[in-house]
Amino acid sequence: MKTALSIAGSDSCGGAGIQADIKTMTANGVYAMTAITALTAQNTTGVTAILEVTPEFLRQQIDAIFNDIVPDAVKIGMVSSSGLIQTIAESLTRHHAQNIIVDPVMVSTSGSRLIDEQAIETLKQKLLPLATLITPNIPEVETLSGLMVKNEEDMQKAAQTICHAYGCAVLCKGGHSRNDANDLLCTGETLQWFRGRRIDTANTHGTGCTLSSAIAANLAKGSSLNEAIKNAKDYLSAALSASLNLGKGCGPLNHMANFTQMETS
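Residues numbered from 1 in each chain as written. Predicted model: local features only at pLDDT ≥ 70, side-chain atom pairs only at ≥ 80, totals over all residues. Heavy atoms only, no water.

1. Points about the side chain of Asp 154
Move 1: Tracing the backbone through its elements, the reader meets Asp 154 in helix 6 (residues 152-166).
Move 2: Although Asp 154 is buried, it makes no salt bridge; Lys 157 carries the closest opposite charge, 5.3 Å away.
Move 3: Only 2.9 Å separates the side chain of Asp 154 from the backbone nitrogen of Lys 150, close enough to count as a polar contact.
Move 4: Apart from residues no more than four positions distant in its own chain, Asp 154 is found in contact with Met 148 and Val 149. (Helix = DSSP H or I, 4+ residues; strand = E, 2+ residues; numbered from the N terminus. Buried < 20%, exposed > 50% of the residue type's maximum accessible area, 1.4 Å probe, protein only. Lys, Arg positive; Asp, Glu negative; His and termini not counted. Salt bridge = Lys/Arg side-chain N within 4 Å of Asp/Glu carboxyl O. Polar contact = N/O pair within 3.5 Å; in protein donor to acceptor, adjacent residues only side chain to side chain. Contact = heavy atoms within 4.5 Å.)

2. A few points about the pattern of salt bridges
Move 1: Counted according to the given criterion, the structure contains 10 salt bridges.
Move 2: Across the pair Arg 94 and Asp 63 runs a salt bridge, and its minimum N-O distance is 3.0 Å. One end of the pair, Arg 94, is in helix 3 (residues 82-94); the other, Asp 63, is in helix 2 (residues 55-66), and 31 residues separate them in sequence.
Move 3: Lys 173 is paired through a salt bridge with Asp 103; the nearest N and O atoms lie 3.7 Å apart. A residue pair is termed long-range when its members are at least 10 positions apart, and Lys 173 in the loop between strand 7 (169-172) and strand 8 (183-186) and Asp 103 in the loop between strand 5 (100-102) and helix 4 (117-127) qualify at 70 residues. There is no split in this pair, since Lys 173 and Asp 103 are both buried.
Move 4: Connected through salt bridges with shared partners, the residues Glu 56, Arg 59, Asp 63 and Arg 94 form a single ionic network.

3. Quick notes on unusual backbone geometry
Move 1: Phi at His 96 takes a positive value of approximately 55 degrees, unusual for a residue other than glycine.
Move 2: Residues other than glycine seldom take positive phi values, yet Asn 99 does so here, at roughly 50 degrees.
Move 3: The topology assignment puts Asn 99 in the loop between helix 3 and strand 5.
Move 4: Taking the relative accessible area as the measure of exposure, Asn 99 reaches 26% and is therefore partly exposed.

4. Side note on the environment of Ser 80
Move 1: With respect to the element layout, Ser 80 can be found in the loop between strand 4 (73-76) and helix 3.
Move 2: We classify Ser 80 as buried; its relative accessible area is 12%.
Move 3: Once the C-alpha coordinates of Ser 80 and Leu 133 are considered, the two residues, 53 residues apart in sequence, prove to be 19 Å apart.
Move 4: Only 2.5 Å separates the side chain of Ser 80 from the side chain of Glu 52, close enough to count as a polar contact.

5. Quick look at helix 1 (residues 17-27)
Move 1: Within helix 1, burial applies to Gly 17, Ile 18, Ala 20, Asp 21, Thr 24, Met 25 and Ala 27.
Move 2: Contacts made by the buried residues of helix 1 are with strand 1 (3-11), strand 2 (31-43), strand 4, helix 7 (207-220) and helix 8 (225-241).
Move 3: In the stretch just after helix 1, Gly 29 is the one whose phi turns positive, near 85 degrees.

6. A look at the environment of Met 25
Move 1: When you line up the elements, Met 25 lands in helix 1.
Move 2: Of the residues examined, Met 25 reaches a relative accessible area of 0% and is grouped as buried.
Move 3: In contact with Met 25, not counting residues within four places along its chain, are Ala 4, Leu 5, Ser 6, Val 30, Ala 32, Lys 75, Ser 213 and Ala 217.

Right, dumping it as structure tokens:
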């Protein structure tokens, strides 16, 4: 069986982070493993507390996995400090990790800031150059490129700037636009749009985690990058369409939408 590792934070309400990654990877047919970067106290309305693990403990988690079950792909999500990012970069380099997907999580769906400025610089310098693909949303694209993104032409320029700066492919997610969910893949040589319709739901907690984990799972199974993105977007659309109306805020996706009929009321 193919395997994938998620290096990310834990979401106590189960909608995003490690919990969303495990659900997504399982639903996409791979064995999911985890290295937890932080515990969070959060629900559908926001994040109220974050407790980071130490860099040494994170290293021990990653080493334990690679020394026993070598992952076919690695997804990296919420990492909020420079020390942890440095540890991840060193560990993945030492273990010759393959198919590395970085979701540069900077702000939660509910608007809570999850990373400081120094950590962003370490992310740029140490981790992004190791990535096979990074999956920033529009605000993250602007932070990484230094450019404002108002339209598709802006997105193309920003994607090329990021790709050339860090030497990795970039999938610029258009889900923050009002009318569509068009994503742009830049590999350095080509630009390709993945067109999608905007799904009318307020329950989008964990959308970015889900997409990046689904891409990692498909890469682990041997799909090409284009195939992995297409399959991941199809999976995400189904999970959003059947999203769960849980909690008082931004509810979670239905990760098992393709397999079971779940009670959503």
